Amino acid sequence: MLCYAYWFNIVVHALLATLLMLRSPSSAAAAATSYFNSQHTADYSRLGPCNVEDQPLETLLLPEASGCGSYCRLSPRLHLPVSPNSSTSSSNPSSSAVQASSTRCSAAPLPTVVFFSGFQLRSAYYTPYARWLASWGYACVQYDLALFHIVPDEVELGYLPYLLDYLQHHPSIKGRLNLNRIGAAGHSRGGKLAALHLADEPRVVAAFLVDPVDSGGNKSSSAARGSLKAVSDTGRSAVQALAGKHKQAAIAGEAELRPHTTLLTVHNRVIAHNRDCA
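All values reported here derive from a predicted model rather than from experimental measurement. (Residues numbered from 1 in each chain as written. Predicted model: local features only at pLDDT ≥ 70, side-chain atom pairs only at ≥ 80, totals over all residues. Heavy atoms only, no water.)

Undergrad: Quick one: what's the story with the environment of Ala134, residue by residue and with numbers?
TA: Tracing the chain through its elements places Ala134 in helix α4 (residues 127-135). Distance in space between the C-alpha atoms of Ala134 and Leu78 is 9.5 Å, their sequence separation being 56 residues. When residues no more than four places from it in sequence are discounted, the contact partners of Ala134 are Cys50, Val52, His79, Leu80 and Pro81. (Helix = DSSP H or I, 4+ residues; strand = E, 2+ residues; numbered from the N terminus. Contact = heavy atoms within 4.5 Å.)

Undergrad: Quick one: what's the story with the nonpolar core, residue by residue and with numbers?
TA: Membership of the largest hydrophobic core comes to 42 residues, with the highest contact counts inside it found for Leu74, Leu78, Phe116, Tyr159, Leu163, Leu167 and Leu177. Counting residues in each nonpolar core, the second largest holds 16 residues, with Tyr126, Ala130, Trp136 and Ala250 among its members. (Core = buried A, V, L, I, M, F, W, Y, C linked by side-chain atoms within 4.5 Å. Buried < 20%, exposed > 50% of the residue type's maximum accessible area, 1.4 Å probe, protein only.)

Undergrad: Provide a residue-level description of α4, including the pertinent values.
TA: A large share of α4 lies buried, amounting to seven of its nine residues. Within the span of α4, buried status applies to Thr127, Tyr129, Ala130, Trp132, Leu133, Ala134 and Ser135. Among the residues trailing α4, Gly137 stands out with phi positive, at a value near 100°.

Undergrad: Which residues make up the pattern of salt bridges, and what values go with them?
TA: Under the counting rule described, the total for this entry stands at eight salt bridges. Linking Asp144 and Arg122 is a salt bridge whose minimum nitrogen-to-oxygen distance equals 3.9 Å. Highlighted residues: Asp144 in strand β5 (residues 139-144) and Arg122 in the loop between β4 (110-116) and α4, separated in sequence by 22 residues. Across the salt bridge formed by Arg189 and Asp153, the nearest N and O atoms sit 2.7 Å from each other. Placement of Arg189 in helix α7 (residues 189-200) and of Asp153 in helix α5 (residues 153-156) is noted, with a sequence separation of 36 residues between them. (Salt bridge = Lys/Arg side-chain N within 4 Å of Asp/Glu carboxyl O.)

Undergrad: Give a detailed account of the pairing of strand β6 (residues 177-187), specifying residues and quantitative values.
TA: Among the 11 residues of β6, eight are classified as buried, and the element is accordingly described as predominantly covered. Pairing geometry for β4 and β6, over seven bridges, is parallel. Across the sheet, residue Phe116 finds its bridge partner in β6, namely Gly186. Of the strand pairs in this sheet, β6 and strand β7 (residues 204-210) are connected by six bridges, and their pairing is parallel. The residue of β7 that forms the bridge with Gly186 is Leu209. For the handedness criterion, the β-α-β arrangement of β6, α7 and β7 is classed as right-handed. (Pairing = 2+ DSSP bridges. Right-handed = clockwise from strand over helix to strand, strands pointing away.)

Undergrad: Lay out the environment of Lys192 in plain terms, naming residues and giving numbers.
TA: Residue placement: Lys192 occurs in helix α7. Owing to a relative accessible area of 1%, Lys192 belongs among the buried residues under this scheme. Sequence separation between Lys192 and Val213 is 21 residues; the distance between their C-alpha atoms is 5.9 Å.

Undergrad: Give a detailed account of the pairing of β5, specifying residues and quantitative values.
TA: Of all six residues that make up β5, six are buried, and the element is covered over most of its length. The two faces of β5 match: Ala139, Val141 and Tyr143 on one face and Cys140, Gln142 and Asp144 on the other face are all buried. Across five bridges, the pairing between strand β3 (residues 73-82) and β5 is antiparallel. Counterpart to Pro76 in the pairing with β5 is Tyr143. Examined bridge by bridge, β4 and β5 share three bridges and lie parallel to one another. From the neighbouring strand, Val113 faces β5, where its bridge partner is Cys140. Where the polypeptide runs from β4 across α4 and back to β5, its parallel neighbour, the crossover connection is right-handed.

Note that all results are geometric; they support no functional claim without further evidence.
Written out as structure tokens, the structure is:
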């Protein structure tokens, strides 16, 4: 339990520091440095001042051009911040130190984060992170694909433009989300997807990676699709994709590399590592 509290605290602080870039055009590094050096009093390990609304969304049917093959149903989830009712007190009394006002919860367009799940994990597993983000004024988008269906990285990377277009034109949320400057976050294999989107997608301006993995470097064959080989033979390494692009991200994860895992690093710095909680 102590390890869970430790890692959750590290993740939420580093994540919020990085995503400050969505509210400001300053660099992610400057935003993170300013955040960690400030004498803030808010307890970010708790929920923020906003209520959270889970926005129902219809299944998105991906077009054949996306490369989705026989599994083209994408089930999006959206968590939105909502201004607390006058009768509802904030769940975090200290949140006033970081613009904890009803304006923060309802101002449109909302800064938006897409959170990518780990390998074969459902988006519901990360609901606490999504709702935490929404409680601090961020819209958080997640999605699920067909259960037990393995999609190669280069194919799944092509889904994001269709998802953003879907959100941009959805009648119930049109105009509520800022989809021109978004954040990408993810855990494990989802962290790699977030890193690749940071490298390739101009609209992704900040990223936060939780224990990201990396693999690839070889072209993924069509025979590998739908199998475990599709995961290990994904065509590109996120480290290689980010090389020379001067992109910045925050990472929470182990400082030591394991034989099968490459940990992405930014400026050769890992946000935190606790050997007792590895």
